[in-house]
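Examination of the molecular architecture
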Amino acid sequence: MKIAPRVAEALARGAPVVALESTLIAHGLPRPANLDVARELETIIAAEGAVPATVGVVGGVPTVGLDQAELEFIATAETVGKLSVRDLPVAVAAGRDGATTVAGTAHLATRAGVEVFATGGLGGVHRQARDSWDESADLRALSATPVVVVCAGVKSILDVGATLERLETLGITVVGYGTLAFPGFYLTDSGHRLDWRVDTPEEVARIREAQAELGLAAGALIVANPLPPDQQLDPDLHDQVLAEALRQAGAKGIVGKDVTPFLLDTFHGATGGASLECNIRIVRRNARLAAQIAAARSRRA
């Protein structure tokens, strides 16, 4: 595994480092905006005094801290695959290029020693999972990965209630940042409640310390950071688009891993790009908060 020199140096001196996923860059945002956003997220993290470490696989080499050339390659090359944890050994053995998902990024980042990770929304339990057994690998991976994940909840196209139940079953701690309402990615409030709220990065840092003291640090701590109500997607529009997107997916026989990209693409088109702007606002906010949490952890080390 390759760790960028700036990341290795920061880790060696106990400076704050924040991991970023690369699937968002390669598969989640349209070109050329994807590369601009990738660079902006790294700038936001640096402005908060932390070192950004975007994670990906280049030529079969897992890399924590893509340099600018590697970042541009991941954002523009047509050959870049989507790598979850199960895909990593195959891609490495075959010398392939790949963008890492939440699960893949968290795994590689923690192996390098990076313990704070910013993303948009987590994967979760899909609708109709009772029949399809379709559940994101993110959940199982985070139950065994020692990382603080800052996200905007789970994508509202999923079964949010079932996802929260799975998180509880897997023993993954979830706290709301400034709220007890679990966010639904595009939506400030998914309609589901949380048991715990935090209001400062220092509180998050203390919870992580408590996990370690209690022997519970092997799993993730999820910090659910919602969009402010005036920045969310219009809830009525959201519900209308989601209902139609689900109907289309069913009519076209779209199942499995193809469902999420289809639904997100449908949202983008049907909302005139408003959902894309929401997505970008989400990752900006999460990158900033993750850097603040990493800085708080560093101060307490």
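Details of the structure are given in the entry above.
Let me begin by describing the structure that accompanies this report. These numbers come from a predicted model, not from an experiment.

This part takes up the overall build of the protein. Helix and strand counts for the protein come out as 13 helices and 13 strands. Its C-alpha atoms give the protein a radius of gyration of 18 Å, near enough to 19 Å, the size a compact globule of 301 residues would have. Its C-alpha atoms give the protein principal-axis dimensions of roughly 55 × 45 × 35 Å. Of all intrachain contacts in the protein linking residues separated by at least 6 positions in sequence, the fraction that spans at least 24 positions is 73%. Counting 28 positive and 35 negative side-chain charges, the protein places the averaged centre of each group 3 Å from the other.

With that settled, consider the side chain of D138. Examined against the element boundaries, D138 turns out to sit in helix α8 (residues 137-143). It is K155 that comes nearest to the buried, bridge-free D138 among opposite-charge side chains, at 6.2 Å. A polar contact is formed between the side chain of D138 and the backbone nitrogen of A103, at a distance of 3.3 Å.

Turning next to the pattern of salt bridges. The tally for this structure, following the rule as stated, stands at 14 salt bridges. A salt bridge links R197 to D199, with the nearest nitrogen and oxygen atoms 2.9 Å apart. Residues joined in a network through salt bridges with shared partners are E115, E209, R297 and R300.

Attention shifts here to the layout of surface pockets. There is about 1200 Å³ of room inside the largest pocket. As for the largest pocket, its lining consists of 42 residues, of which T23, K82, T101, T260 and P261 are closest to the centre. Taken together, the elements giving at least two residues each to the lining of the largest pocket come down to α2 (23-28), α8, α12 (259-270) and α13 (274-300). Looking at which element gives the most residues to the lining of the largest pocket, the answer is α12, with five residues. Split by residue class, the lining of the largest pocket holds 14 nonpolar, 17 polar and eleven charged.

Rules behind the numbers
- Residues numbered from 1 in each chain as written.
- Predicted model: local features only at pLDDT ≥ 70, side-chain atom pairs only at ≥ 80, totals over all residues.
- Heavy atoms only, no water.
- Helix = DSSP H or I, 4+ residues; strand = E, 2+ residues; numbered from the N terminus.
- Rg over C-alpha atoms; globule rule 2.2 N^0.38 Å.
- Contact = heavy atoms within 4.5 Å.
- Lys, Arg positive; Asp, Glu negative; His and termini not counted.
- Charge placed at Lys NZ, Arg CZ, Asp CG, Glu CD.
- Buried < 20%, exposed > 50% of the residue type's maximum accessible area, 1.4 Å probe, protein only.
- Salt bridge = Lys/Arg side-chain N within 4 Å of Asp/Glu carboxyl O.
- Polar contact = N/O pair within 3.5 Å; in protein donor to acceptor, adjacent residues only side chain to side chain.
- 1 Å grid on protein atoms, 1.4 Å probe; cavity = no way out; pocket = protein on both sides within 12 Å on 5 of 7 lines; lining within 4 Å.
- Points joined across faces, edges and corners; volume = space filled by probe spheres on them.
- Nonpolar A, V, L, I, M, F, W, Y, C, P; charged D, E, K, R; others polar.

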